[in-house]
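# Coordinates in review
One-letter residues, chain by chain:
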Amino acid sequence: MLKKLFKSFRTPVRLGKHSPSTPEVLSSSQHPIERGEISRYATSIVERLQQAGYQAYLVGGCVRDLLLDIDPKDFDVATSATPEQVRAEFRNARVIGRRFKLVHVHFGREIIEVATFRANHPEGDEEENNNLSSRNESGRILRDNVYGSLEDDAQRRDFTINALYYDPSTERILDYANGVHDIRNHLIRLIGDPTQRYQEDPVRMLRAVRFAAKLDFDIEKHSAAPIYKLAPLLGGIPAARLFDEVLKLFLAGYAVYTYELLVDYGLFGQLFPASAEALKLNPDYTDQLIRNALDSTDLRIQQGKTVTPAFLLAALLWPALPARVIKLQDRGMPPIPAMQEAAHELISEQCQRIAVPKRFTMPIREIWDMQERLPRRSGKRADTLLENPRFRAGYDFLLLRESAGEQTGGLGDWWTRYQEISDSERRNMIRDLSSKDDGPGAPRKRKRNNSKRKRGPVGEDASASSGE
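Rules used throughout
Residues numbered from 1 in each chain as written. Predicted model: local features only at pLDDT ≥ 70, side-chain atom pairs only at ≥ 80, totals over all residues. Heavy atoms only, no water. Helix = DSSP H or I, 4+ residues; strand = E, 2+ residues; numbered from the N terminus. Buried < 20%, exposed > 50% of the residue type's maximum accessible area, 1.4 Å probe, protein only. Areas by Shrake-Rupley, 256 points an atom, 1.4 Å probe, with all protein chains shown as cover. Contact = heavy atoms within 4.5 Å. Pairing = 2+ DSSP bridges. Expected span 1.5 Å × (residues − 1). Arc of directions from axis to C-beta. Phe/Tyr/Trp six-rings, centres within 6.5 Å; stacked < 30°, edge-to-face > 60°. Core = buried A, V, L, I, M, F, W, Y, C linked by side-chain atoms within 4.5 Å. Salt bridge = Lys/Arg side-chain N within 4 Å of Asp/Glu carboxyl O.

Of the regular secondary structure elements, the protein holds 24 helices and 12 strands. Counting only residues that meet the buried cut, the protein has 48% of its 468 residues in that class. Only carbon and sulfur atoms are counted for the fraction: they give 48% of the accessible area of the protein, which is about 24600 Å².

The residue Gln-270 is located in helix α13 (residues 268–271) in this model. Accessibility expressed as a relative area gives 18% for Gln-270, which makes it buried. With residues near it in sequence (within four places) discarded, Gln-270 still touches Ala-231, Pro-232, Leu-234 and Arg-353.

Examined bridge by bridge, strand β1 (residues 24–26) and strand β10 (residues 172–175) share 3 bridges and lie antiparallel to one another. Directly across from Glu-24, in β10, lies its bridge partner Asp-175. As paired elements, strand β9 (residues 164–167) and β10 share 4 bridges and run antiparallel to each other. Among the inter-strand pairings, Asp-167 is bridged to a residue of β10, identified as Arg-172.

Turning next to helix α2 (residues 40–51). With 12 residues, α2 should cover 16 Å at 1.5 Å per step; its first-to-last C-alpha distance of 16 Å lies within 8% of that length. Looking at the buried residues of α2, the elements they touch are β2 (56–59), β3 (76–79), α4 (83–89), β5 (102–107) and β6 (110–116). Looking one or two residues past α2, Gly-53 carries a phi angle of roughly 100°, positive in sign.

This paragraph deals with the side chain of Asn-162. Take Asn-162: it is sitting in the loop between α5 (150–156) and β9. Residue class for Asn-162 comes out buried when judged on its relative accessible area of 4%. Here Asn-162 is in contact with Val-59, Gly-60, Gly-61, Arg-64, Arg-157, Arg-207 and Phe-211, once residues within four sequence places are set aside.

Take helix α23 (residues 423–432) next. For α23, every residue scored as buried is listed here: Arg-426, Met-429 and Ile-430. End-on view of α23: buried residues confined to an arc of 100°, all on one side of the axis. Every exposed residue of α23 that faces more than 90 degrees away from the buried side is listed here: Arg-431 and Asp-432. On its buried face, α23 is in contact with α20 (381–386) and α22 (411–420).

Let us now look at the packing of aromatic side chains. The geometry of two aromatic rings is summed up by the distance between their centres and the angle between their planes. Taken as a whole, this structure holds 15 aromatic pairs when the rule is applied. An angle of 80° between the planes, with centres 6.1 Å apart, marks the rings of Tyr-57 and Tyr-165 as edge-to-face. In this pair, Tyr-57 sits in strand β2 while Tyr-165 sits in strand β9, placing the two residues 108 residues apart along the sequence. Across this residue pair, the class does not change: Tyr-57 and Tyr-165 are buried.

Time to look at the nonpolar core. Membership of the largest hydrophobic core comes to 101 residues, with the highest contact counts inside it found for Leu-49, Leu-58, Ile-188, Phe-250, Leu-267, Phe-272 and Trp-368. Here the element with the most residues in this core is helix α8 (residues 203–215); it accounts for 9 residues. Residue contacts for Trp-368: discarding those within four places in its chain leaves Ala-314, Leu-317, Trp-318, Leu-321, Met-339, Ala-343, Leu-346, Ile-347 and Phe-397. Among the nonpolar cores identified, the runner-up in size contains 15 residues, and Leu-398, Leu-411, Trp-415 and Ile-421 belong to it.

What follows concerns the pattern of salt bridges. Scanning the model with the defined rule gives 25 salt bridges in all. For Arg-189, the salt bridge is made with Glu-220, and the minimal N-O distance between the two is 3.8 Å. Taken as a pair, Arg-189 in the loop between β11 (187–188) and α7 (194–200) and Glu-220 in the loop between β12 (218–219) and α9 (221–224) lie far apart in primary sequence, 31 residues in all. Using a relative accessible area of 9% as the deciding quantity, one classes Glu-220 as buried. Between Glu-260 and Arg-291 there is a salt bridge whose closest N-O contact spans 2.7 Å. Separated by 31 residues along the polypeptide, Glu-260 in helix α12 (residues 255–264) and Arg-291 in helix α15 (residues 283–302) bring together distant segments of the chain. Residue classification places Glu-260 among the partly exposed residues on the basis of a relative accessible area of 27%. A single salt-bridge network, built from bridges that share partners, covers Arg-156, Arg-197, Glu-200 and Arg-204.

Encoded structure:
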């Protein structure tokens, strides 16, 4: 009890200086949001914090989406209470984060995120405190725990459409940055100077693209202008964080439009440098394959089907792979080892930019490996491949390659028919394969050496014939 009491007396640390501003206030009759549309857990957190004497509101994307008649995927709360004070109010709460400290309040599977009002960072190195606020030489914020007022917090938000605060008790919306106006005009607009805001956090460039694609909004011209020039700043973002952002970009049901915007603003090459290079060298094929993969992903999401990042990442990276495989084969490496070596090299390079977890890199390599094995169908190989756990993903990927115009000698049709017919018909298909060529990419058959040789002991002859 004493611990809770002392925590409740704590004040927000390092309050930032701010100039008071008056928000536009929308009453319940001026907006379409109803309390029944809001998570009851989020409402209860806001009301409980208010009853404890703190300011508290629903904030950001949930308010924006409700105004657009979109079901919010989650509900966030902003409050004047510090993380420790929030933790003292809720037994089911946990303080998380170091760069940006906040609280997760757990209600079964639902998590409500509660953040303390933030303020602008102090100017000048002498005022910096590494425990609360720090930047690197390019201006990127490394630590963001400078707390402030509601007005400060509104100005610290990234986009105007996210600087909206809803009070479920009074059913009013507080709009500090003309966000409602921009929602009506379908605009993504940064709060403050765009160059400075992107330098503070370059991921805001990706967020601008994501919101534009998701909401079918335009990026306001002043907010869009610096993106192409500042795109290289993404190179300083931790690879693990960029992986999370890539999933948000491409697995939300609007991946095709997202891809177009990323290319237009020079951001795609910062995320997938090898694929961007392939897009320059072979634009038609690369663009078509990526678009087809993203279009298929969007369709599956719209249909409520599962999607795997592994297949999508395999498609995004594939256009950069064949040239590397050919280069290794030209050095004398057999096709399958060449594929495996090139895949390892490409994925290793990509993980330096985006930290793809091993649970996805392994399936990516297996899908690619299948592309070298699917042409090899003689004997029992076809049935063995059909039983492989990665066959379906490899087969779908083969069809994806063909849909982009890649010539495989009808391999996709062959495997489609092979899956649909009886065992006896399958045997006929295997017999019909050319005895000289097992299909594109198949190994060349060694010429039989008819010269007589002295037979050695059993095992010695086997070693010699196998080239060991």
